[in-house]
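Understanding the architecture of this molecule
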Amino acid sequence: MFIGINAFIQKYYIDAVLEDQPYNIYLTITCAILLLVTLYLLYRWTRANNIKVDTQLIVATMPFVVFGGVLRVVEDTGCIPEPWWVLFVTPPIFFVVLLYTIFVLIISRSLETHGVVESYAKPYFWIGVASNLVTLAFLCWWGLTQTELALWVAGCILAMAAAVSLIFWALVRYGLNWEYVTHPLYKILIFGQLLDASATSFALELHPMHYIEQHVLGDGLIQLTGTAFVMFPLKVVVLLPAIWILEKFRNEEGMDEIWHLVLLAMITVGFAPGVRDILRMVLFI
């Protein structure tokens, strides 16, 4: 029995992570459970440290969401030596970035408490921005010296994501009369998810290199329909009920902070892989 369990863990978890295989169903479910547990622990931690989970915090956290995708590409270059590269693959990198984010948040909050800054949000946000700029500078150097730096790829994908996001937002705002989608976090959520769809579609249909879809559901739908552009209707099918349910949840008494955390999680699972995919395609890796 123990041999069977060990073989199962080795095949579907350890080998899947170490060999950067496409997500299998067991790893996908485990990551989803870990995400829920992490959200709960994060909620308890913020309450214990008197940090209000609000729109200001989520917006200030966005650079760290992007940083997760950017840092993941550093490992894709193959420049991180053993055994440290294991920390920068999915899902371990999620916890690395989370711990770094909490560390910066604690420092920023301490600066606010001691009167050094008026609000923790400013140093917290700008440290996240600086982290991205330093890492992006390294990736640009890598592209210029080792592979390629095809910035036109990023331009195409960002334009595609912006156009589709604007159309979707206009339809739900004016077609369905959902006035609440004017909230900045709903706008970020829509763009993040459709950025992921744009990056995946471009990678599988338009990019010169051969990429594969790593997620179980996405890969299944692509195989079924024969096109990666199916990611757009998939995102629409997910976003419509998700936003409607989130707004109902938001109106429940005492649920405002949890609503913000759930939104942050949904934004992250769109933005981070989308950013990673774009940068990989820009660097041709």
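Data block above holds the structure.
Our subject in this report is the structure included herewith. (Residues numbered from 1 in each chain as written. Predicted model: local features only at pLDDT ≥ 70, side-chain atom pairs only at ≥ 80, totals over all residues. Heavy atoms only, no water.)

1. Some points on the overall build of the protein chain
Each helix and strand counted, the protein chain has ten helices and zero strands in total. Along the protein chain, helices (α) and strands (β) appear in the sequence α-α-α-α-α-α-α-α-α-α when read from the amino end. For the protein chain, whose C-alpha radius of gyration is 20 Å, the value lies close to the compact-globule estimate of 19 Å for 285 residues. Projected onto its principal axes, the C-alpha positions of the protein chain cover 50 × 50 × 50 Å. A total of 285 residues make up the protein chain; the buried ones form 44% of that total. Counted over contacts in the protein chain with a minimum sequence separation of 6, partners at least 24 positions apart contribute 75%. Only carbon and sulfur atoms are counted for the fraction: they give 70% of the accessible area of the protein chain, which is about 14,900 Å². The averaged location of the 21 negative side-chain charges in the protein chain is 7 Å from the averaged location of its 14 positive side-chain charges. (Helix = DSSP H or I, 4+ residues; strand = E, 2+ residues; numbered from the N terminus. Rg over C-alpha atoms; globule rule 2.2 N^0.38 Å. Buried < 20%, exposed > 50% of the residue type's maximum accessible area, 1.4 Å probe, protein only. Contact = heavy atoms within 4.5 Å. Areas by Shrake-Rupley, 256 points an atom, 1.4 Å probe, with all protein chains shown as cover. Lys, Arg positive; Asp, Glu negative; His and termini not counted. Charge placed at Lys NZ, Arg CZ, Asp CG, Glu CD.)

2. Details of the side chain of Thr 200
Checked against the element boundaries, Thr 200 lands in helix H7 (residues 184-205). What makes Thr 200 buried here is its relative accessible area of 4%. Ignoring anything within four residues of it in the chain, the contact list for Thr 200 reads Glu 213, Ala 228, Met 231 and Asp 277.

3. Section: the layout of surface pockets
If you add up the space inside the second largest pocket, you get close to 250 Å³. Along the wall of the second largest pocket there are 15 residues; nearest its centre are Leu 136, Ala 154, Ile 278, Leu 279 and Val 282. Elements that contribute at least two residues to the lining of the second largest pocket include exactly helix H5 (121-145), helix H6 (151-175), H7 and helix H10 (256-283). (1 Å grid on protein atoms, 1.4 Å probe; cavity = no way out; pocket = protein on both sides within 12 Å on 5 of 7 lines; lining within 4 Å. Points joined across faces, edges and corners; volume = space filled by probe spheres on them.)

4. Section: unusual backbone geometry
The omega torsion across Glu 82 and Pro 83 is -5°, close enough to zero to call that bond cis. One non-glycine residue with positive phi stands out, namely Asn 177, at about 60°. Its location among the elements puts Asn 177 in the loop between H6 and H7. The exposed category is assigned to Asn 177, whose relative accessible area is 57%. With a phi angle near 55°, Phe 284 is a residue other than glycine that sits in the positive phi range.

5. Brief notes about the packing of aromatic side chains
In this description, an aromatic ring pair is defined by two values, namely the gap between the centres and the angle between the planes. A full pass over the atoms with the stated rule returns 16 aromatic pairs. Ring geometry for Phe 125 against Trp 126: centres 5.1 Å apart, planes inclined by 85°, an arrangement best described as edge-to-face. Residue class for Trp 126 comes out exposed when judged on its relative accessible area of 55%. Ring-pair connections join several aromatic residues into one group, and the members of that group are Phe 64, Phe 67, Tyr 100, Tyr 120 and Tyr 124. (Phe/Tyr/Trp six-rings, centres within 6.5 Å; stacked < 30°, edge-to-face > 60°.)

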